[in-house]
Amino acid sequence: MASSTVKLDELISQEYKHGFFTSVETDTVPRGLSEDVIRLISAKKGEPDFLLEWRLKAYRHWLTMAEPHWATVHHPAIDYQDITYYSAPKSRQDGPKSLDEVDPELLRTYEKLGVPLEERALLAGVAVDAVFDSVSVATTFKDKLAGLGIIFCSFSEAVREHPELVRQYLGSVVPYTDNFFASLNSAVFSDGSFCYIPPGVRCPMELSTYFRINARNTGQFERTLIIADKGAYVSYLEGCTAPMRDENQLHAAVVELIALEDAQIKYATVQNWYPGDKEGHGGIYNFVTKRGDCRGANSKISWTQVETGSAITWKYPSVILQGDNAVGEFYSVALTNHYQQADTGTKMIHLGKNTRSTILSKGISAGHGSNAYRGLVKVAKSAVGARNYTQCDSLLLGDRCAAHTFPYIEVKNPTARVEHEASTSRIGEDQLFYCQSRGIAPEDAVSMIVSGFCKEVFKELPMEFAVEAQKLLGVSLEGSIG
Amino acid sequence: MNSAADFYRDEFARIATTLPGSALPWLRHGREAGLACFAETGFPTLRQEDWKYTSVAAIEKSRFLSPPPTANGVAPGQIDAWGLAGTQRLVFVNGRYQPRCSNIGALPAGVTLASLAEVLGRESERLEGVLGPRSDPYPSGFAALNQAFFSDGVYLHLAAGVALETPVHLLFVTTEPGLALHTRNVVRAEAGSRACLIEHHVALGDGAYLSNTATDLVVGRDAEVEHLKLQQESLKAFHVAALDVDQQQGSRFVSRSFALGGGLGRVDIRVGLNAEHASCTLDGLYMTDGRQHIDHHTRIDHAQPYGTSREFYKGVLAGASRAVFNGRVIVHADAQHSDAYQANRNLLLSDNAEIDTKPQLEIYADDVKCRHGATVGQLDPEQVFYLRSRGVDEADARALLTFAFAAEMTGRIDMAPLRARLEKLLLGRLPERVKELV
Amino acid sequence: MLDIRNLHVSINDKPILRGIDLTVRAGEVHAIMGPNGSGKSTLAHVLAGHEGYTVTAGEVRYLGRNLLELSPELRAREGIFLAFQYPVEIPGVANIYLLKAAVNALRQHRGEPELDAVDFLALVKDKLKLMGMDTDLLYRSVNEGFSGGEKKRNEILQMAVLEPRLALLDETDSGLDIDALKVVAGGVNAMRSPERAMVLVTHYQRLLNYIVPDQVHVLAQGRIALSGGRELALELENRGYGWVEAAAGPAGGGA
């Protein structure tokens with residue numbers, strides 16, 4: 001085994017394929033955080049008073065909080081005064097009206113990433129709201145969506161055009177007091193996506209956003225808000241790649257989903273931010289708060305995530321099952337290689353009658369990677385007939401990695417049924433040998449076996465995304481056999 | 001009211017000279033270290049992850065007093081009902097050994113079985129490491145208090161190769177409310193030896209008291225030790241128990257914990273598979289009703305390769321009771337070929353019962369096989385229907401299936417008198433009609 | 001003995017039985033045949049009182065009483081016995097305890113004294129021999145770790161001990177090899193009597209070679225599409241179910 005470890009270790013040296021730096025002029029506020037900075041951000045965006053007030057309340061609350069340290073992740077202290085809280089690519093005063101008006105440098109960036117925006121948008125029928133750093137620079141297919149009454153725009157635009165919707169729903173799932181990073185986000189969020197599907201409307205295309213982190217030392221504080229009104233349906237895709245960087249970057253996004261009666265939201269993420277180099281230097285700190293609220297009866301929210309990037313991932317996409325018969329789902333693949341750390345999972349909070357939830361988590365640890373599933377299934381007294389099924393599997397590739405499972409199960413209703421199963425095992429040597437004896441290269445065999453391990457999750461992704469996810473997995477994994 | 005730290009400091013000052021071994025400097029230092037540690041940490045709080053579901057505020061407020069060292073006048077007849085046939089019996093009343101009620105028969109050569117208080121002076125060499133000041137922190141304020149205040153317990157030493165065929169029955173009896181009892185058991189099983197212990201906690205009357213017990217066990221190379229525990233404290237009692245096990249190469253250890261009594265019960269079991277090819281089995285059953293709160297925390301450290309652990313806990317919760325299960329399995333770096341399995345199954349019988357379960361795997365080695373599972377639910381409706389289709393009425397069918405659910409755990413006990421005792425206790429919870437069937 | 005009129009049954013709002021009419025008299029053996037999903041097992045479960053099924057219309061009279069208002073255990077005590085297609089495993093409850101509970105519940109219901117342990121054991125051992133079963137099966141948990149054949153034999157053993165008035169046998173032949181089938185059929189035949197009625201639910205004709213029915217009914221799309229004598233079963237064996245289903249059609253009436 002020792003010899004194969006050495007040989008395979010060589011294969012781990014896969015460099016980050018999406019690493020490069022784009023020079024775009026940015027309009028940046030000074031480093032550090034204060035009420036003045038928040039007022040400046042709000043003023044730059046021309047926000048209404050209610051939003052500024054909300055930001056300030058969040059900031060004042062944040063000042064009373066301490067950075068959490070309960071997750072099984074380790075990182076040097078973050079200096080919150082050494083972060084630039086706002087930067088926007090410079091462009092024409094009124095912003096681009098179409099792709100033609102978009103800075104060609106940006107478009108070239110997307111091309112390098114293999115994300116030819118217009119082609120992808122046209123060919124796949126996907127409306128893309130691309131966020132480059134903090135401000136949305138391109139939107140497509142808006143007219144078609146608008147015809148159905150669907151609002152899909154940048155958060156800033158939603159604040160301008162639909163302040164009543166923003167005011168009604170912002171912070172209603174993740175209050176500004178929720179946790180340290182959510183409070184920080186509430187105070188300083190720069191932009192993000194907003195989506196509203198009116199009653200009875202089925203959104204005819206996958207909505208998608210490519211987030212990127214670019215400008216040096218710019219924390220990213222995205223805010224996404226999706227509302228599916230009664231009987232509406234929407235499938236939303238979030239995908240990320242980031243250029244290679246030297247210094248750690250903080251990313252503290254907040255995503256809020258609201259599903260009213262009979263509505264359904266599917267939210268899928270492929271996250272491939274810069275994970276740091278082989279020695280564990282650099283990489284993104286990804287501290288995200290994602291939560292959905294099944295507010296109405298028979299509503300459904302599904303989270304699907306493929307997390308291969310970031311130096312540290314800390315996120316628990318959750319569902320509050322308020323409405324009777326509501327359904328929550330969480331499907332996750334998290335891969336950590338080199339010195340990556342992931343502490344991820346979900347919370348399923350059963351409040352309504354006959355609410356159901358399914359959790360399927362696949363963790364893969366390679367190199368010195370550390371991967372933890374942390375989940376909470378809570379059945380309140382009111383949740384008569386609630387059901388949960390949880391399965392967490394961990395796959396270990398290498399004898400220096402770590403895999404942890406921390407499921408919390410709290411049940412207060414005797415009619416509930418909760419089942420949790422977890423397993424941890426190493427990649428089968430016999431499986432590898434079998435593949436190799438059939439002429440398959442070791443790294444392909446690993447990739448194949450890992451894909452098989454993750455299949456149940458991938459099948460929850462839209463086809464095109466599944467292909468991309470599988471590719472990412474292969475890239476992130478190359479050579480990592482222990 | 002003064003602080004808990006002040007209270008226990010005063011208590012210590014009041015009774016320190018009456019505690020066993022007070023003339024031994026190393027032990028005095030050990031006790032003082034425990035007291036100092038408690039003064040620093042105090043009782044655990046809900047803010048501590050390991051105590052997030054179990055509040056011990058009521059213990060802190062109760063200000064239980066250390067019992068006087070004098071005899072307490074319990075007659076052997078009062079406790080005979082708890083006796084188990086075919087055992088070596090050591091009885092501890094209010095934390096002190098009672099030779100009059102005990103019954104230690106002939107022992108094989110190489111077995112030392114005695115009250116810890118009696119052997120402190122003689123066995124200093126072996127005991128200093130366990131009872132003297134320690135360098136690592138105490139796992140909780142209770143462990144620190146136990147270190148400061150322990151009044152007695154069992155000392156069992158098995159020389160290499162010795163098999164003690166007769167199980168040892170340790171009967172801890174509390175006779176009065178208001179007492180704080182700290183007992184400590186030390187067991188050393190040398191290479192290739194074998195023994196079975198039954199730790200049994202009971203009370204005369206239904207008063208509130210604190211029973212804080214700690215057992216320290218070393219299972220030597222290829223040795224085999226079984227630790228059975230039956231907790232039948234009063235329903236107002238606070239029962240806190242710790243079991244620390246150090247397993248050597250090829251050793252086997254079995255723990256079976258049955259928690260039926262106590263108002264608030266907390267059991268911590270920590271097993272270290274500290275050498276290759278060690279294996280352990282941890283079984284447990286908690287049955288709660290009324291306002292009982294029973295918390296089991298177990299931790300298995302696979303520290304060396306080729307360790308095997310099997311853990312199976314079941315719970316039956318009625319009334320407004322609450323149970324907590326936290327099973328932690330840690331496979332350390334280089335503990336390759338570890339094999340761990342853990343399951344926790346719970347039946348909720350009432351609208352007001354609550355279960356909080358958290359099976360936990362932490363793995364730092366790659367060549368391992370680890371699985372765990374936890375379920376919370378009700379009786380299988382198909383099983384209920386099957387019994388009803390054979391003419392058994394619904395309430396009886398449910399009672400019978402509940403009994404069967406719990407009896408799976410008692411069925412795993414080899415020691416017949418204890419198994420029979422437990423089955424009788426479980427049957428006692430069944431309606432009369434169903435009892436006749438079983 | 002059993003009179004079913006226009007019985008409609010749904011599972012989770014999905015109609016399964018759409019108007020069953022069937023009369024079974026004491027001493028008769030009826031076979032209910034039909035393709036998979038035709039509702040055969042549903043009928044057996046509804047008669048035994050399974051709560052997963054909703055009767056949406058119709059009535060069932062058993063010995064002159066409204067059967068549908070009785071709990072499963074009362075039906076059992078009134079002499080209805082369902083031999084399950086998939087007998088459930090009940091870990092921790094010994095076979096013999098279940099038998100004793102069932103026998104005593106029955107006797108109590110009839111106002112008879114309970115059997116003493118000796119008589120009970122003698123009765124059970126007698127029946128065990130009939131089914132070619134080992135005594136140690138009695139002390140194992142109900143159906144736990146039993147093979148498919150053992151489970152089916154265990155069902156017939158229970159039937160033999162409980163001596164029902166109306167026995168419902170749900171796919172009792174499925175999963176049995178020919179020797180086991182003969183034993184099971186032998187056990188059933190030994191119980192045929194002028195006071196007892198039997199309803200055999202089966203997909204295959206094979207069982208009917210060993211237990212000869214008085215009447216054969218074919219269930220299709222939730223109704224009895226065809227009734228006849230023993231020869232109907234042989235015809236089904238040769239021609240399959242397709243022609244009956246076609247004849248029944250989506251709006252076909254009862255036989």
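Residues numbered from 1 in each chain as written. Chains lettered and ligands numbered in written order. Predicted model: local features only at pLDDT ≥ 70, side-chain atom pairs only at ≥ 80, totals over all residues. Heavy atoms only, no water.

Our next topic: the interface of chain B and chain C. Each partner contributes residues to the interface: chain B has 19 residues there, and chain C has 34 residues. At the surface where chain B touches chain C, the tally comes to 3 salt bridges. Put simply, R390 of chain B and E155 of chain C hold a salt bridge, and the shortest N to O gap is 2.7 Å. Along the contact surface separating chain B from chain C lie 12 residue pairs in polar contact (both at pLDDT 80 or more). Sorting the residues of the side of chain B that touches chain C by element identifies α8 (381-389), α9 (394-410) and α11 (432-437) of chain B as the ones contributing at least two each. A total of 7 residues in the side of chain B that touches chain C trace back to one element, the largest contributor, which is α8 of chain B. Looking at side-chain class alone, the side of chain B that touches chain C contains 9 nonpolar, 3 polar and 7 charged residues. (Contact = heavy atoms within 4.5 Å. Salt bridge = Lys/Arg side-chain N within 4 Å of Asp/Glu carboxyl O. Polar contact = N/O pair within 3.5 Å; in protein donor to acceptor, adjacent residues only side chain to side chain. Helix = DSSP H or I, 4+ residues; strand = E, 2+ residues; numbered from the N terminus. Nonpolar A, V, L, I, M, F, W, Y, C, P; charged D, E, K, R; others polar.)

All names here are of chain A. Looking at where V270 falls in the secondary structure, it is placed in strand β12 (residues 264-272). Looking at V270, the relative accessible area reads 1%, which means it is buried. C-alpha of V270 to C-alpha of L237: the two residues are 33 residues apart in sequence and 8.0 Å apart in space. (Buried < 20%, exposed > 50% of the residue type's maximum accessible area, 1.4 Å probe, protein only.)

It is worth spelling out the UniProt feature "domain: SUF system FeS cluster assembly SufBD core" (unreviewed entry) in chain B at this point. Per the UniProt annotation, the sites labelled "domain: SUF system FeS cluster assembly SufBD core" (unreviewed entry) are residues 173-405 of chain B. Strand forms 59% of residues 173-405 of chain B and helix 9%; the C-alpha atoms that close the span are 29 Å apart. (UniProt positions renumbered as here; feature names shortened; annotations may be inferred.)

This paragraph deals with the sheet that holds strand β6 (residues 80-83) of chain C. Residue and element names in this part refer to chain C. Pairing within the open sheet is mixed, and its 6 strands lie in the order β6-β9-β10-β3-β11-β12. The sheet terminates laterally at β6 and β12 (223-228), the two strands that pair on one side only. Shown here is a sheet whose adjacent strand axes are inclined to one another by a mean of 20°, direction ignored. Of the pairings in the sheet, the one linking β6 to strand β9 (residues 166-170) comprises 4 bridges and is parallel in character. Directly across from L82, in β9, lies its bridge partner L168. Of the strands in this sheet, β3 (29-33), β6, β9, β10 (197-202) and β11 (215-220) are in contact with helix α1 (residues 40-48), which crosses β9 at around 145°. (Pairing = 2+ DSSP bridges. Axes fitted to C-alpha atoms, helices over the stretch in contact; angles between N-to-C directions.)

Residues L207 and V411 of chain A together with L156, F253 and Y286 of chain B are the most contacted members of the largest nonpolar core, which totals 84 residues. Of all the elements, strand β12 (residues 264-273) of chain B adds the most residues to this core, at 4 residues. If near-sequence neighbours (up to four positions away) are discounted, F253 of chain B is found in contact with L217, V219, V225, H227, L243, V245, Q247, V271, S279, C280, T281 and L282 of chain B. The next biggest cluster of nonpolar side chains, apart from the first, holds 70 residues, and it includes L401 and M415 of chain B together with I4 and L22 of chain C. (Core = buried A, V, L, I, M, F, W, Y, C linked by side-chain atoms within 4.5 Å.)

What follows covers the pattern of salt bridges. What the rule picks out here adds up to 56 salt bridges over all chains. Between E410 of chain A and K378 of chain A there is a salt bridge, with its nearest N and O atoms 3.6 Å apart. Taken as a pair, E410 of chain A in strand β23 (residues 402-411) and K378 of chain A in strand β21 (residues 370-379) lie far apart in primary sequence, 32 residues in all. The structure contains a network of salt bridges with shared partners spanning D244, R266, D268, R270 and D295 of chain B.

This brings us to the domain arrangement of chain B. Residues and elements named next belong to chain B. Split by domain assignment, chain B resolves into domain 1 (4-275) and domain 2 (379-438). On a C-alpha basis, the centres of domain 1 and domain 2 stand 33 Å from each other. Domain 1 puts 15 residues into the contact, and the matching count from domain 2 is 11 residues. Buried surface at the junction of domain 1 and domain 2, both sides included, amounts to about 1200 Å², of which 71% is carbon and sulfur. In terms of surface lost to domain 2, no three residues of domain 1 exceed R256, F258 and L260, which account for 42% of the buried area on that side. Our enumeration of links across domain 1 and domain 2 arrives at 0 salt bridges. At the boundary of domain 1 with domain 2, the tally comes to 3 residue pairs in polar contact (both at pLDDT 80 or more). Taken together, the elements giving at least two residues each to the side of domain 1 that touches domain 2 come down to β7 (194-203), β9 (224-232) and β11 (252-259). (Domains from an automatic or database assignment. Buried area = accessible area lost by both parts, 1.4 Å probe.)

One pass over the structure, following the stated rule, counts 31 aromatic pairs over all chains. Aromatic pair Y8 of chain B and F43 of chain B: ring centres 5.9 Å apart, planes at 75°, arrangement edge-to-face. Remark: F43 of chain B occurs in the loop between α2 (25-41) and α3 (57-62) and Y8 of chain B occurs in helix α1 (residues 4-15); sequence separation between them is 35 residues. Overall, the relative accessible area of 2% leaves Y8 of chain B in the buried class. The class of F43 of chain B is buried, set by a relative accessible area of 4%. Consider the rings of F385 of chain B and F84 of chain C, whose centres lie 5.7 Å apart with planes at 80°: the pair is edge-to-face. In this pair, F385 of chain B sits in helix α8 while F84 of chain C sits in the loop between β6 and β7 (90-94), so the two residues belong to two different chains. (Phe/Tyr/Trp six-rings, centres within 6.5 Å; stacked < 30°, edge-to-face > 60°.)

Let us look at the interface of chain B and chain A. Of the residues lining the interface, 37 residues belong to chain B; the matching set on chain A comes to 30 residues. Interface area, chain B with chain A, both sides summed: about 2700 Å², of which 47% is carbon and sulfur. Across the contact surface, chain B and chain A share 3 salt bridges. The partner of D367 of chain B in a salt bridge is R426 of chain A, and the shortest N-O contact between them spans 3.3 Å. At the junction of chain B with chain A, the criterion picks out 22 residue pairs in polar contact (both at pLDDT 80 or more). Among the elements of the structure, β18 (354-363) and β19 (369-377) of chain B are those that each provide at least two residues to the side of chain B that touches chain A. No other element matches the 10 residues that β18 of chain B contributes to the side of chain B that touches chain A. Residue composition of the side of chain B that touches chain A, by class: 15 nonpolar, 10 polar and 12 charged. One ladder, built from 8 bridges, connects strand β24 (residues 417-426) of chain A with β19 of chain B; its direction is antiparallel. Among the inter-strand pairings, V418 of chain A is bridged to a residue of β19 of chain B, identified as V376 of chain B.

With that out of the way, let us pick up the sheet that holds strand β5 (residues 65-66) of chain C. All names here are of chain C. Strand order in this open sheet of 4 strands is β2-β1-β4-β5, and the pairing throughout is antiparallel. Strands at the two margins of the open sheet, each flanked by one partner only, are β2 (14-24) and β5. Contacts between α1 and the sheet are confined to β1 (2-11), β2 and β4 (54-62), with β1 contributing the most and set at about 110° to the helix.

All names here are of chain B. Two elements in contact, α9 and helix α10 (residues 416-427), have axes whose closest approach is 10 Å; the angle formed by their N-to-C orientations is 165°. Overall, the two elements α9 and α10 adopt an arrangement that is roughly antiparallel. Handedness of the crossing formed by α9 with α10: right-handed. Contacts between α9 and α10 involve F403, A406, A407 and T410 from the first element and R419, L422, E423, L426 and L427 from the second. Among the residues forming the contact of α9 with α10, the class breakdown is 6 nonpolar, 1 polar and 2 charged. (Parallel < 35°, antiparallel > 145°, perpendicular 65-115°, else oblique. Left-handed = near helix turned anticlockwise from the far one by under 90°.)

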